[in-house]
Structures are given as C-alpha cells and as structure tokens.
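# Observations on chain architecture
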Amino acid sequence: MTISANHAAPGTATPDQAHQEPPENALTEAVKKFGITVEDYMLPARHLIQMVAPDGTLNPKDQQGTEPGHEYPLPGDEELLAAYEQLVVGRRVNDQNSALVRQGRMAVYPSSHGQEACQVAAALCLSDGDWMFPTYRDAVAVMARGVDPVQAMTIFRGDWHGGYDPLEHKVGIQCTPLTTQLLHAVGVAHAAKLRGEDTVVLAMCGDGATSEGDFHEALNFAAVFHLPVIFFVQNNKYAISVPLAHQSVAPSLAHKAVGYGMAGERVDGNDVVALLAVLDRGVKLAREGSGPLLVEAHTYRMQAHTNADDDTRYRESAEVAEWRAKDPVTRMRTYLTGRGLLDSAGEERIAAHAEAVARTLREGLGEDVPVDPQDLFRHVFEKQTPQLKEQSAMLADELARDAAATASSEEAGK
Amino acid sequence: MSPTITTSSEANGNVSAATARAAASAAASADASGPQPVTLAKALNTALVDAMSADSSVLVFGEDVGTLGGVFRITDGLTATFGEQRCFDTPLAESGIVGMAVGMAINGMRPVIEMQFDAFAYPAFEQIISHVAKMHNRTRGMVKLPLVIRVPYGGGIGGVEHHCDSSESYYAHTAGLKVYTPATVADGYRMLREAIDSDDPVVFMEPKKLYWSRDVVDLASLRASYEEGTTAGLGTEGRAAVARPGTDGTLIAYGPSVPTALAAAEAASLEGRSLEVIDVRTLVPFDDATVCESVRKTGRAVVIAEAHGFASVSSEIVARVQERCFHYLAAPIRRVTGFDVPYPAPKLEKYYLPGVDRILDAVDDLQWED
C-alpha cells in the first residue's frame, strides 16, 4: 500500500471532519509559499528522499523522492567531501572500538556500523551554537561534532559515566534511558527561544525508542511551544532483537509528525547526500522559526546490538547481506570518485586521518586510567552533605588501613 | 521575546549574562508591612514572586499554574505579573514537564515546576531518578541542574485516591536529590527561596493540609533577612529546628506531622511531661546533630510521619538515631506512622493518620517506670 500525501482540499471537508487550523506562523507562511495544504506539508513526501542510489550514481531529479514543499537542494561539494571524510573516520572508529571490546579494553560498545551516514549528517548539519542530544549508539556523531574521541568513549571505558563537558561542546550526555534525552533537547531549545537566541537542537533516537512515552511528550511539547528541535530517528530496523513491526504499525515513523502538528520526512539513511540535504534545510527552516521537524532515516544496524548480543537468533544473514550492498561509505566513495571530487591522494589523506583517530582510541583506551575512590563522593551534590563527608571519611580510613596492612605484610616478608 | 529573560549567573557558568535584578514592584505589592496572619500558600506564593523578581532565569511551569494560578493557588498572579514566558501552562504530561526542566536548567534557567499532586508525579519518576538526581555526578559537576520540583503531598484534606500520597521516601532514597519539606509559614518562604537558589536539584514537598494554616509573620522582614542571610550561609538546609523545647522526650516530625507533634507535646505537658519537638525541615540532607543532641538530652524519642512506616524516612531516622544515641536511650525509639496500606478513602483517613492520641500512647510506652 502506498500512502499518499494527496488529500482532499480543505474546502471539501464535511463539518464534522473540519480540522483546527494551526496558528499563523512561519509554517503556514511556508505552506503558502509552496501552494500545498498544511497536511501535505506535514506528511512525509510519498517516497523516501534518496539522492544517490546504492550503486553510487546520482538519481535524476524526478527520482529523488521530492515533491512540492519537500524539495531539497543538493549540498555543496565541500560539505560532501567533509562528510565523506567523517564517514571513513566513523567506520574506522566503529571497527576500532569493536576490536577494543574484544581485547577487553572497553566494557561494551554499541556500534553504529552501517549507520555512519546518519551519524555524520547529524553532526555536520549543525552550527557552532546548536545543540545535539545523542544516544549511547551515537558516539561517531559525538566525535564528528568535535568531542575528543577518548572522552566520547569514556562512558564505555569503565572509570566514569561520561568523559566530555556537555556545555563546552553543546552535546548532551550519550543517553541510555531511551528517549528521555528528547525532552532535554526540548528544554534547551525552549530556554534559548525565551532568551531570543537562534539555537537549533537536534535530538536523536532510534526506532524502538519511538514506542516510549517520552517520545510522545517531547514531540508534543516541541510542537506546542513551537521550538526549533529536529527529532532525528535512526530507524535501523531493530530494538535489540525486536523488529520494527512489533514497535509500530504506522505507515512510517515520519507519519507520526502530523499528529503533533509538525512536519515529517523519510530519508534514505545510508545516503549521506540526501541526509545532509534534508537536515540542512530542516535546520535552516527551524532557525527561521518554522518549529520542530521529525526526520526518519531508513538505515540498518549491521552488527549485533552490542558485543553481548547474538543477532543470529533473530535475523537472517541474507537480510544483513542485502544491506551490505547499500553501504553508506562505499556509496559515497563511488559517487565522489565518479564526480571527480575524490582521487587516490585524497583517499590516502582521509585514510591517514582515520588511522590517526583509531590510534588515539587505542592509546587512550589502552592505558590503565587510575581511579580515585573519593570520586564516589565528590560530585553527587554541588554542596556536599555531612552524611557523604562521613562516608567519604569511612572509605578513606578503610583504604588507609588496607594500605598499612599491605605495607606491614610486605615488611614482614622481607 | 522578553528582554527581561537572561541566564542564571550561578549555575552552568559558561553561559553569559548577569542576573537581572529589580522588577521589585511585584514583590512590594505582594504583602502589606508588619506582622500579620499569613497562610503557607501565601508565603510560598510570595517566595516565588520574590525569586522571580530577583532572578529573571527563574521560570515557573506545570499544569494549571498559569491563568488559574495552580489548583492550590500557589502560583496565583505570576503569569499576570511576569508574563506568559516566565510562568506558563504545559501540556498535561509530567515526564515532559520534568524533562523539559532538565533541558532548561542545562541551558541556563532555574525552573521551578509543579507536580499537581503527589501521585501525579509518578510519570516523571524516570526523569527524576535517572537524570535530575544523576546529572551532576555523571558529568563530574560540569552540568548543574538548579531546578525545584514542587510536590503538594500528604493527606488530611479528604482527598480521593491518588491525591494524598506521602511520596517523600522515594525521593529521599535517591542519591543526588535534596528533599525539603516546610512545616511553618516562615519556613515555607525561606525554604522555597533557598531551594530556588540552590545549584542542586530540590524536591520541595509541600504539606497540602497546611496550605491554609496561618502564622503571624512579617513577610517583608522575612524577605529582607533571607536576602541578607543567604550570603552569610545561614540557611535551613541540613538544619532541623527545635519547634518546641522540652526535657523528657523528643518527638521527631516533619512537614504535615509537625503541628500534630506540637499538639501532642502540648497535651503531654498537661500531664506533666515535657516533650521537645524537632522539625526536621530538610529530609536530605538530614541534620543528625540537632536530632541527636535532643535525643541524648531527653533519652526518649518518637518519630512521627504520615507515610507508611515500612522502609521509609521514619525508619531511616530511627536507624540513624539508634546508631548514634544507643547508650543515651532509656527505651526503644517508637514510631507513629501511617499503616502499611494504600492511602485510605476520605472517611477512613482519620484511622490512618498519626494523631495526638496515638502519639501519646507511643510516648506512654517509653518505659517511664524504669
């Protein structure tokens, strides 16, 4: 079944079908400009937005999935080359981190292997003053946003829950409780709007997370307060083992947008050109005051949920192979090479960059970081409580006695 | 865009802009001068007005807090005085309210949010437990969350189911949250101002049955002493109050149970027993020193709370006092709490709630014959 965005004109609606017109704002302005109905603007285009086909060739304009109100200009060459570089780095990061887990250097790593186009586009579409709210699977996006790779991986290293300063980088914590971070994105955008700042916030989650209540509350709050938040759903088809069909029977996740009074769009999540085209325009419109946007990227989690998961229990290898042919890195390399934008010298330079990042990760995660037991108490509150001071002293005493006992037994052993 | 909204200069200090002072006309009109009977509701309302006047990053939002002024009228007049950008209604979604407040606090604001009733806060539990309580620790203090979650709580108002829970133990049990609960009108004002000025997140539990109780206070002088006193570090956080001095035994209470404990002490005095009443005020951080000083002096103690006794703040208080004061005790510490049953229907709550007689029975049990 093809879900069409073609609806009867508002004038033909019977009284009991009459809908509430949204308030006059930038969105209705946009709708007027495109000459389509509000619903047609809010509903995703009839087809997935795809600019570069899996074989690396540019789709003819009429096959890019666009239609009035859903037209996306091709990003500039410079942005595309930067994106490709980050794709290669991102793939190397994913593979390096998986190796570090196998070597026991990290507790766990939820890899975004296969989803690198989404990761890269999420970071590159934002300006310096903008915010990103990632999940635990978005380390590559966090790094592409400029966070130090080792600091981005600290969450999985085992010595603390996070490594970077969210305020410095305007990147939220890599959030584990599903979709709770979408509301934080809404709050950051709301505060910025109240101060008259033109901050745009990109809030990331996966397909499974759209079942959570906070997904609903965040989209509704963003729409009601007309906030510049882009909800970016990486539909990678699985929530650990549970396929999308068990999460939602909506025509698409992007179709949920219209229920909140915001626009939604579906995009090929393995086509970084299309992702950048859609997200760049989304960021621009949000900054201009058109309110929130829901973007669903169709991608695929090529590896298991984490190293602790066995994906052969719930999916066929043929399905994985099918997606391997749609690989985002290969696709972009073929496209850029075909356009003469990428040559072997460029490839070598980018590969060297990726290798340098991998080396940084190996070195940073390979070293044994000393932990300070007193850190347990240091950061619970801004203003320390007497009870925690007492417990901190108790632990210090325990450790001092342990150290003294060790020292005296060593003395005795001499 | 309101030109008056700036960023808190206190928390998350990488953001610019100084605290905007003034707009004090609202505060000035909020109360007449001199001591007079004031309700707890009015004191809380005045604290909100003063905090919003003092710092334009203070925002109030929740359900029905705007035009209506809150179902208990605690936010009455704030939207009219400060505008819809500073005090506003949200969609009806508690997790959304807390989650959005987290984001606003990350981005320089000091949100003061209202959970309409104790039991209506439960949808927000994940945001409170997993983020409000943990953000500071998780980020090694790089991200502070200076937000206040106001929770009208407790029974005694003839409320129907889900409107009378004593939910303080859930929050007190969670590392990373501070939990305040005032019992007097003056503390209502002081403690809410302190909670709003705190860079740590505070769950502010308001005993709803005391909203309309009155004390004679001078709000203008409370304001002046608070604004002078904060710099001197003389706060209520972690400082229990001796609500009534005594020598023979100690009644330890908080929030809605403090007036009940005072009434019991008064009744006991007629029988010749001098009971000291301690108002805990902040459950987290807990003031071991004041409580233990009293118990060491009197040698006997009863802990009083509306909440179920099992695995509760009252059990924690008994454990702490016993650990610290064992050799001073003439009798085991007793508790008078709600029974371990779901909060009862209005016609049954008088059997459930700790009352003067039940407290006096517990006091009688403190082995006076020894």
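## Points about the sheet that holds strand β7 (residues 293-298) of chain A
All names here are of chain A. Across the sheet, which stays open at both edges, the five strands sit in the order β1-β2-β3-β7-β6 with parallel pairing between neighbours. The outermost strands of the open sheet, each flanked by one partner alone, are β1 (131-133) and β6 (263-268). Across the sheet, the mean angle from the axis of one strand to that of its neighbour is 20°, orientation sign disregarded.

## What to know about the sheet that holds strand β13 (residues 301-308) of chain B
Residues and elements named next belong to chain B. If you walk across this open sheet you meet the five strands as β9-β11-β10-β13-β14, and the pairing is mixed. Two strands close off the open sheet at either side, each with one partner strand: β9 (241-244) and β14 (334-338). Adjacent strand axes in the sheet meet at a mean angle of 25° when their direction is disregarded. Where strand β10 (residues 249-253) meets β13, four bridges bridge the pair, whose relative direction is parallel. Bridge pairing in β13 links L251 to V302.

## Brief notes about the environment of L283 of chain B
All names here are of chain B. Relative to the helices and strands, L283 is located in strand β12 (residues 282-284). A relative accessible area of 6% means that L283 is categorised as buried. For the pair L283 and T90, spaced 193 residues apart in sequence, the C-alpha separation works out to 29 Å. Residues contacting L283, with those up to four places away along its chain left out, are E168, V179, T181, Y254 and V313.

## Here's the deal with unusual backbone geometry
Residues and elements named next belong to chain B. Omega for the bond connecting V284 with P285 falls within 30 degrees of zero, at -5°, which places this linkage in the cis form. Topologically, P285 is positioned in the loop between β12 and α11 (288-298). A positive phi angle, close to 65°, is found at D64, a residue other than glycine. Within the fold, D64 resides in the loop between β2 (58-62) and α3 (78-82). In this structure D64 comes out as partly exposed when scored by relative accessible area, which is 35%. With a phi close to 65°, R73 is a non-glycine residue in the positive phi region.

## Examining the interface of chain A and chain B
In this assembly, 43 residues from chain A lie in contact with 54 residues from chain B. Contact between chain A and chain B buries roughly 4,000 Å² in total, counting both sides, with carbon and sulfur atoms accounting for 61%. Inspection of the chain A/chain B interface yields four salt bridges. We note a salt bridge from R324 of chain B to E390 of chain A, for which the minimum N-O separation is 2.9 Å. Where chain A meets chain B, there are 23 residue pairs in polar contact (both at pLDDT 80 or more). Of all elements in the fold, only β1, α7 (166-169), α8 (180-194), α9 (213-224), α15 (375-378) and α16 (386-413) of chain A reach the threshold of two or more residues within the side of chain A that touches chain B. For the side of chain A that touches chain B, the leading source of residues is α8 of chain A, giving 11 residues. Its residues assigned to classes, the side of chain A that touches chain B shows 22 nonpolar, 11 polar and 10 charged.

## Looking at the domain arrangement of chain B
All names here are of chain B. When cut into domains, chain B gives domain 1 (34-232) and domain 2 (241-364). Computed from C-alpha atoms alone, the centre-to-centre distance between domain 1 and domain 2 is 26 Å. Listed as interface residues are 26 residues of domain 1 and, on the opposing side, 21 residues of domain 2. Of the roughly 1,800 Å² buried between domain 1 and domain 2 on both sides combined, carbon and sulfur atoms contribute 60%. Between K209 and E306 there is a salt bridge whose closest N-O contact spans 3.3 Å. Across the domain 1-domain 2 interface, the total number found is 11 residue pairs in polar contact (both at pLDDT 80 or more). Those elements that provide at least two residues to the side of domain 1 that touches domain 2 are α7 (168-172), β6 (178-180) and α8 (185-197). Residues belonging to the side of domain 1 that touches domain 2 are distributed by class as follows: 12 nonpolar, eight polar and six charged.

## Here we look at the confidence of the model for chain B
Looking at chain B, the pLDDT average stands at 92 and 90% of residues meet or exceed 70. Predicted confidence is poor over residues 13-30 of chain B, with pLDDT under 50, and the contacts of this stretch with residues over four places away or in other chains come to 35 contacts.

## A word on the packing of helix α6 (residues 149-157) of chain A against helix α14 (residues 344-366) of chain A
All names here are of chain A. One can describe the packing of α6 onto α14 by two numbers: an axis separation of 10 Å at closest approach and a directional angle of 45°. On the basis of the axis angle, α6 is oblique to α14. In this structure, α6 crosses over α14, and the sense of that crossing is right-handed. Each of P149, V150, M153 and R157 in α6 lies in contact with α14, whose residues at this interface are V357, T360, L361, G364 and L365. In terms of residue class, the contact of α6 with α14 is made up of six nonpolar, two polar and one charged.

Rules of the game
- Residues numbered from 1 in each chain as written.
- Chains lettered and ligands numbered in written order.
- Predicted model: local features only at pLDDT ≥ 70, side-chain atom pairs only at ≥ 80, totals over all residues.
- Heavy atoms only, no water.
- Pairing = 2+ DSSP bridges.
- Helix = DSSP H or I, 4+ residues; strand = E, 2+ residues; numbered from the N terminus.
- Axes fitted to C-alpha atoms, helices over the stretch in contact; angles between N-to-C directions.
- Buried < 20%, exposed > 50% of the residue type's maximum accessible area, 1.4 Å probe, protein only.
- Contact = heavy atoms within 4.5 Å.
- Buried area = accessible area lost by both parts, 1.4 Å probe.
- Salt bridge = Lys/Arg side-chain N within 4 Å of Asp/Glu carboxyl O.
- Polar contact = N/O pair within 3.5 Å; in protein donor to acceptor, adjacent residues only side chain to side chain.
- Nonpolar A, V, L, I, M, F, W, Y, C, P; charged D, E, K, R; others polar.
- Domains from an automatic or database assignment.
- pLDDT = per-residue confidence, 0-100.
- Parallel < 35°, antiparallel > 145°, perpendicular 65-115°, else oblique.
- Left-handed = near helix turned anticlockwise from the far one by under 90°.

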